[in-house]
Amino acid sequence: MESIGAKAKALNETIVELRRELHAHPELGHDLPFTESVIVRELTKLGLDEIKSGQGQGHGVFATLKGKKPGKVLALRADMDALPIQEETGLPFASTNGNMHACGHDAHVAILLGTAKLLADAREELAGTVRFIFQPSEETVNGALSMIESGALENPQVDAIIGLHTGNIWDGLEPGQIGWRVGPMMASTSTFSIVFEGKGGHGATPHLTVDPIVIAAETIVQLQTLVSREINPFEPAVVTIGKILGGSAFNIIAGKCEVHGTIRTFAPEIDGFLKKRIRETAEGVAASMRGRAAVAFTVNLAAVINDKTCALKMRDIVASSLGEEWVREIPLPSSGAEDFSFYLAKVPGAFFYHCSTFHCSGSSSEGAVCNYPHHNSKFDVNESVLWTGSGAMAAYALRWQD
Ligand code: NI
């Protein structure tokens, strides 16, 4: 009998076609009618037991496949959304609508549709049930929760979940390899804003004003010491101020200045400590300079912490089903974030990387094919290896209960 790896490889052309169709029509956030229609069209061909569209905040999809043998319930998740970036890849199937699949979520959907096809064909040997989750709005980090609220992990109750991210998140993998890791995989993220209030006035008479831009500048410098002086050096943490807004002209002292930033950690207590210290620092600096600071925390996303059993199973299953050469351990976690953590708060599971880089040759000035980071207007995935993503997920679903 043909192996699941061979079947996946034979399906690559189909996976690529789907990826290109989705790539040409990127959609944002929860507003994904085209993407939803492609998913429903493809799943309908497979004779699944249930397809539920219109989920989440309107365009999420989940579907169910029952194997012929009894067993537990495994969920497989793909995110669907693109980014508001003008594409500059020059690909024949490049987007023309001003949005772009610059994070590879087009490939995630295509890979999961390929997985669904492989598993539908293997229904006779499949034990238990597989739930396919196509999730909107990962980039804005509120899609996973909306799918959970729609019941994506229930009826039947999901026992474990896996997901993957393609691209070049960790650059030590070879194209097509599945990267696994036990424990911390991706960081938690909290987003904050600080509004500094002073007293505006003429740039020539600063003594009659309270300058919020100087207060903001002082606070930004102070915040650099939180990680370097107050966190154990063996504990990963990041505090970044990515945006500052204030002032309108060179000779006007503004009344207000805003800064926006993000915190990345792997432990809730470190996240909590940094939030407390950011508030104290901003309020303290502002008070000492006769101004005020209003600190607000918005996004709160937990870290992706991989279940040991689920992560090690992926290593073993990929090695024995696809081959040793397709699997590799990731030595360090990423400070990027993923709303996959919402699922992990409900059921055990693990998140993996699927490497889809190109082998670069020559220098980029000679026009060689090369790799661009995620969220770059020239980001692309190596389509020739998408099958290993489908193969790994399908093999996992077939073998995880052995
Ligand atoms: Ni992404």
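Owing to the predicted nature of the structure, the values given are computational and were not obtained by experimental measurement.

Participant: How should the nonpolar core be read in this particular structure?
Facilitator: Generally speaking, soluble globular proteins have nonpolar side chains that are buried together. Leu 43, Leu 76, Leu 119, Phe 132 and Phe 134 are the most contacted members of the largest nonpolar core, which totals 68 residues. Ignoring sequence-local partners within four residues, the contact set of Leu 76 consists of Leu 112, Thr 115, Leu 119, Val 130, Arg 131, Phe 132, Ile 133, Ile 162 and Met 393. Counting residues in each nonpolar core, the second largest holds 24 residues, with Ala 152, Val 158, Met 185 and Phe 351 among its members.

Participant: Whenever I open this one, the layout of surface pockets confuses me. Can you help?
Facilitator: Using a probe with the size of a water molecule, rolled over the atoms, empty space left in the structure can be pinpointed. A volume near 540 Å³ is recorded for the largest pocket. Lining the largest pocket we find 24 residues, and of these Glu 139, Val 141, Arg 264, Ala 337 and His 375 sit closest to its centre. Of all the elements, strand S12 (residues 256-265) adds the most residues to the lining of the largest pocket, at four residues. For the lining of the largest pocket, the class distribution of residues is seven nonpolar, 13 polar and four charged. In terms of domain composition, the lining of the largest pocket takes at least three residues from each of domain 1 (4-186 + 303-399) and domain 2 (188-301).

Participant: Before we go on, may I ask you to explain the coordination of the nickel ion in this structure?
Facilitator: Any two of four tetrahedral donors ideally make an angle of 109.5 degrees at the metal, while pairs among six octahedral donors ideally make 90 or 180 degrees. Distances from the nickel ion to its protein donors, Cys 103 (SG), His 105 (NE2) and His 165 (NE2), fall at 2.1 to 2.3 Å. Counting the intervening residues between successive donors of the nickel ion yields the motif C-x1-H-x59-H. Taken together, the residues span a long stretch of sequence, with His 105 in helix H4 (residues 105-121) and His 165 in strand S5 (residues 160-167) at a distance of 60 residues. Looking at His 105, the relative accessible area reads 0%, which means it is buried.

Participant: Is there a simple way to explain the side chain of Lys 275 in this structure?
Facilitator: Relative to the assigned elements, Lys 275 resides in helix H7 (residues 268-288). In this structure the side chain of Lys 275 is engaged in a polar contact, spanning 3.2 Å, whose partner is the side chain of Ser 190. In contact with Lys 275, not counting residues within four places along its chain, are Ser 190, Ile 263, Phe 297 and Asn 300.

Participant: Hey, could you run me through the packing of aromatic side chains in this one?
Facilitator: Aromatic ring pairs are described here by two measures, namely the spacing of the ring centres and the angle between the planes. Taken as a whole and assessed by the stated rule, the structure comprises four aromatic pairs. Seen from their ring centres, Phe 340 and Tyr 343 are 5.7 Å apart, and the 55° between their planes marks the pair as tilted. As far as burial versus exposure is concerned, Phe 340 and Tyr 343 are alike and both buried. Every member of this aromatic cluster is reached through a ring pair, and the members are Phe 340, Tyr 343 and Phe 351.

Participant: How should the pattern of salt bridges be read in this particular structure?
Facilitator: A side chain with one charge may pair with a side chain of the opposite charge, provided their charged atoms come close. Inspection of the entire model under this criterion finds 21 salt bridges. Arg 20 is the salt-bridge partner of Glu 383, the closest N and O atoms lying 2.7 Å from each other. In this pair, Glu 383 is assigned in the loop between strand S16 (349-355) and helix H10 (386-399) and Arg 20 in helix H2 (residues 12-24), connecting sequence segments 363 residues apart. Using a relative accessible area of 12% as the deciding quantity, one classes Glu 383 as buried. Note on Arg 20: relative accessible area 35%, which makes it partly exposed. A salt bridge links Asp 339 to Arg 77; the nearest nitrogen and oxygen atoms lie 2.8 Å apart. Of this pair, Asp 339 sits in the loop between strand S15 (327-329) and helix H9 (341-344) while Arg 77 sits in strand S3 (residues 69-79); the two residues are 262 residues apart in sequence, bridging distant segments of the chain. Both residues of the pair, Asp 339 and Arg 77, count as buried. The network of salt bridges with shared partners includes Arg 19, Arg 20, Asp 106, Asp 380 and Glu 383.

Participant: Explain the packing of helix H3 (residues 33-44) against H4 to me, please; I cannot follow it from the model alone.
Facilitator: Between two packed helices, both the angle of their axes relative to each other and the distance between the axes serve to describe the pair. Between H3 and H4, whose axes approach to 10 Å, the crossing angle comes to 15°. The orientation of H3 with respect to H4, classified from their angle, is roughly parallel. By crossing handedness, the relation of H3 to H4 is classed as right-handed. Mapping the contact onto sequence places Ile 39, Glu 42 and Leu 43 in H3 and Val 109, Leu 113 and Ala 116 in H4.

Participant: Honestly, the sheet that holds S16 in this entry has me stumped. Any pointers?
Facilitator: Across a sheet, strands are paired by hydrogen bonds formed along the backbone, either parallel or antiparallel in direction. Read from one edge to the other, the open sheet built from eight strands follows the order S1-S2-S4-S3-S5-S16-S6-S15, with strand pairing classed as mixed. Whereas interior strands pair on both sides, the edge strands pair on one side only; in this sheet they are strand S1 (50-55) and S15. Here the average twist between neighbouring strands, direction ignored, is 25°. Bridge count between S5 and S16: seven bridges; the pairing is parallel. Note on S16: the bridge partner recorded for Gly 167 is Cys 355. The strands touched by H3 within the sheet are S1, strand S2 (60-66) and strand S4 (127-135), with S2 carrying the most contacts at an inclination of about 15°. Across the sheet, H4 touches S2, S3, S4, S5 and S16, and the angle it forms with S3 is around 160°.

Participant: Would you mind going over the environment of Ser 321 with me for this structure?
Facilitator: With respect to the element layout, Ser 321 can be found in helix H8 (residues 308-321). Setting aside residues up to four positions removed in sequence, Ser 321 forms contacts with Ile 4, Gly 5, Ala 395 and Arg 399. Among the polar contacts made by the side chain of Ser 321, one reaches the side chain of Arg 399 at a distance of 3.2 Å.

The rules behind these values
- Residues numbered from 1 in each chain as written.
- Predicted model: local features only at pLDDT ≥ 70, side-chain atom pairs only at ≥ 80, totals over all residues.
- Heavy atoms only, no water.
- Core = buried A, V, L, I, M, F, W, Y, C linked by side-chain atoms within 4.5 Å.
- Buried < 20%, exposed > 50% of the residue type's maximum accessible area, 1.4 Å probe, protein only.
- Contact = heavy atoms within 4.5 Å.
- 1 Å grid on protein atoms, 1.4 Å probe; cavity = no way out; pocket = protein on both sides within 12 Å on 5 of 7 lines; lining within 4 Å.
- Points joined across faces, edges and corners; volume = space filled by probe spheres on them.
- Helix = DSSP H or I, 4+ residues; strand = E, 2+ residues; numbered from the N terminus.
- Nonpolar A, V, L, I, M, F, W, Y, C, P; charged D, E, K, R; others polar.
- Domains from an automatic or database assignment.
- Donors = N, O, S within 2.8 Å, 3.2 Å for Na, K, Ca; no water.
- Polar contact = N/O pair within 3.5 Å; in protein donor to acceptor, adjacent residues only side chain to side chain.
- Phe/Tyr/Trp six-rings, centres within 6.5 Å; stacked < 30°, edge-to-face > 60°.
- Salt bridge = Lys/Arg side-chain N within 4 Å of Asp/Glu carboxyl O.
- Axes fitted to C-alpha atoms, helices over the stretch in contact; angles between N-to-C directions.
- Parallel < 35°, antiparallel > 145°, perpendicular 65-115°, else oblique.
- Left-handed = near helix turned anticlockwise from the far one by under 90°.
- Pairing = 2+ DSSP bridges.

Interpretation in functional terms is not warranted from these geometric data alone.
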